[in-house]
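Listed here are the chains, written in short residue letters.
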Amino acid sequence: MNNRNKLATLWLLLFFILTQHVSVAQSSFDYSGGNFNLTLAPINPTQAQPKAYYTLFIETGSGRYSKSGQINDGKNILPYIYAFPYQINNNSQALATVSSYYDTTPRPPRHTAIAASNPNGPMPPDQNVLQGLTGKFTSRIGIDPCVNVIVPGDTMSAALVYKPYISAGTNTLVAFFYNKPTEGGNIFSPINAQTRYSFNSPQQTKAIRTHNNETIYTSLPDGLPADVAAKLNTAHSGYTDAIYFIVNSATDEKERNIFFSLAPTRNTFSYNNSTSTSFGATILQYNAAGTIEQQNFYSPLGINMIARDPNGIKTSPHCLNNPGDDVLYPYDITIGNNVNFQNDGAGDAKDVEITVTVPEGIKFPTLLSNASVRINGTTRWFTPCPGTNCYTLNAAQRQIVFKMKNVFLKGTVNEKDPVKRSGRISFFAENQSISRSHPRLYVHLCFHCVY
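Attention here is on the structure that accompanies the text. (Residues numbered from 1 in each chain as written. Predicted model: local features only at pLDDT ≥ 70, side-chain atom pairs only at ≥ 80, totals over all residues. Heavy atoms only, no water.)

1. Focus: the sheet that holds strand β16 (residues 208-209)
- The strand order across the open sheet formed by four strands is β11-β12-β19-β16, and the pairing between neighbours is antiparallel. Looking along the sheet, the strands with just one partner apiece sit at the ends: β11 (141-145) and β16.
- For β16 and strand β19 (residues 256-262), the ladder comprises two bridges, and the chain directions are antiparallel. Its bridge partner being in β19, Ile208 is matched across the sheet by Phe260. (Pairing = 2+ DSSP bridges. Helix = DSSP H or I, 4+ residues; strand = E, 2+ residues; numbered from the N terminus.)

2. Some words on the sheet that holds strand β7 (residues 80-83)
- Pairing is antiparallel across the open sheet formed by three strands, whose spatial order is β2-β3-β7. With one partner strand each, in any of the chains shown, β2 (28-32) and β7 form the two edges of the open sheet. Adjacent strand axes in the sheet meet at a mean angle of 20 degrees, parallel and antiparallel pairs treated alike.
- In this sheet, β7 lies alongside strand β3 (residues 35-39) in antiparallel orientation, the contact comprising four bridges. Across the sheet, residue Asn35 finds its bridge partner in β7, namely Ala83. (Axes fitted to C-alpha atoms, helices over the stretch in contact; angles between N-to-C directions.)

3. Examining the environment of Val161
- Note on placement: Val161 falls in strand β12 (residues 156-162).
- The buried category is assigned to Val161, whose relative accessible area is 0%.
- With 18 residues separating them in the primary sequence, Val161 and Ile143 have C-alpha atoms 6.0 Å apart.
- In this structure, Val161 is in contact with Tyr65, Gln127, Val129, Leu130, Leu133, Arg140, Ile141, Gly142, Glu255, Arg256 and Asn257, ignoring residues within four places of it in sequence. (Buried < 20%, exposed > 50% of the residue type's maximum accessible area, 1.4 Å probe, protein only. Contact = heavy atoms within 4.5 Å.)

4. Quick notes on the pattern of salt bridges
- Scanning all chains against the criterion turns up six salt bridges.
- Two residues, Lys254 and Asp126, come together in a salt bridge whose shortest N-O distance is 3.3 Å. Of this pair, Lys254 sits in the loop between β18 (241-247) and β19 while Asp126 sits in the loop between β10 (110-118) and α1 (130-134); the two residues are 128 residues apart in sequence, bridging distant segments of the chain. (Salt bridge = Lys/Arg side-chain N within 4 Å of Asp/Glu carboxyl O.)

5. Examining the packing of aromatic side chains
- One pass over the full model with this rule turns up 19 aromatic pairs.
- When the centroid spacing of 5.3 Å and the interplanar angle of 50 degrees are considered together, the rings of Phe176 and Phe279 count as tilted. With Phe176 in strand β13 (residues 171-178) and Phe279 in strand β20 (residues 276-287), this residue pair connects regions lying 103 residues apart in the sequence. An identical accessibility class is assigned to Phe176 and Phe279; each is buried.
- Grouped by ring-pair contacts, the aromatic residues Phe29, Tyr31, Phe36, Tyr82, Phe84 and Tyr86 constitute a single cluster. (Phe/Tyr/Trp six-rings, centres within 6.5 Å; stacked < 30°, edge-to-face > 60°.)

Rendered as structure tokens:
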């Protein structure tokens, strides 16, 4: 929708919360000559603003990983090359998580796993990412996910970064927590040491990927001192699932990584009304007497995917004066509005939220009359929020916000007919007037007049 088609009376922004995945072109991934090479397909090269872009999360197969910055989209995207000429043991597996963003909207991550090896290469330099994750030099635990927003139905990667304790006579235990009922709900499929995924490769990829022979447990390991077990239970509190790692005796305190692949369900009824959830982690140094030191870390994650879809708005009167007249339309008029919206995402839109911004030069309405939505063949009436179908008037931000819950507007996977993927909101904005101090508004309002 370009500027001339906005009709300037009201400016519409439309958001959908997706409940299914959105398909994107598959990228290629290989390792040769000490380089990881990725070929990225354009997302939507005609989009002007904001630019579509990619981000990458690459596990090298050596226990290291790399996150790219923003890779801008274009009609032709040059292959992305990440140099890693360091040691990778035989029979190792590298994994690339490719995330695409359109109109500031993250699309589902896409994973590609390949075999990689470079046994004769030198050891890589020491990793130092914990300070960036935690802001502290002294931190020993952190979580770095491939993306910060969960996409229902699509697997995501995350790195658990830790530094072991090496004091004589002590042990190190690391724990990772996920699925928090009080936040997003139990939305991730539980994983263990035997869980495997296929990421566009004949070989399967472990859901938990360790590189330092850590021992994996999905319940508290036996034989822990009572004090240690109590502290782990406290850290676990609020989360349904946990994975514990007993760290083998370490000779240094260099950073290590454990990688996870976690699959959020496509069943949208598993998600509660919260807009976020989190991963949690803890690291413990202990001996036979109990806990010596403990550090915790929490990584917040958004779960409400939003997607830009075709939309438009028409007002009546759509032109507030005849062309050439110098007199603006009378004050205190009622403006009728029809907001058309359409879901072109793959998944059904469980909830729909529409924000209408009233520009300067038009008095912000004090009341909406006969506000209704026609969706899936059914008419629903809006009432002031809170409610299942409700609206709010925010004069400070000049916004009218419509919220519709549990409408399940069909996406392209379940409905090919765009008419059946569409809806319309109708309402009258009362007690409005046109300001004479904004003459430019007149030109905009009349640009697309039809007589």
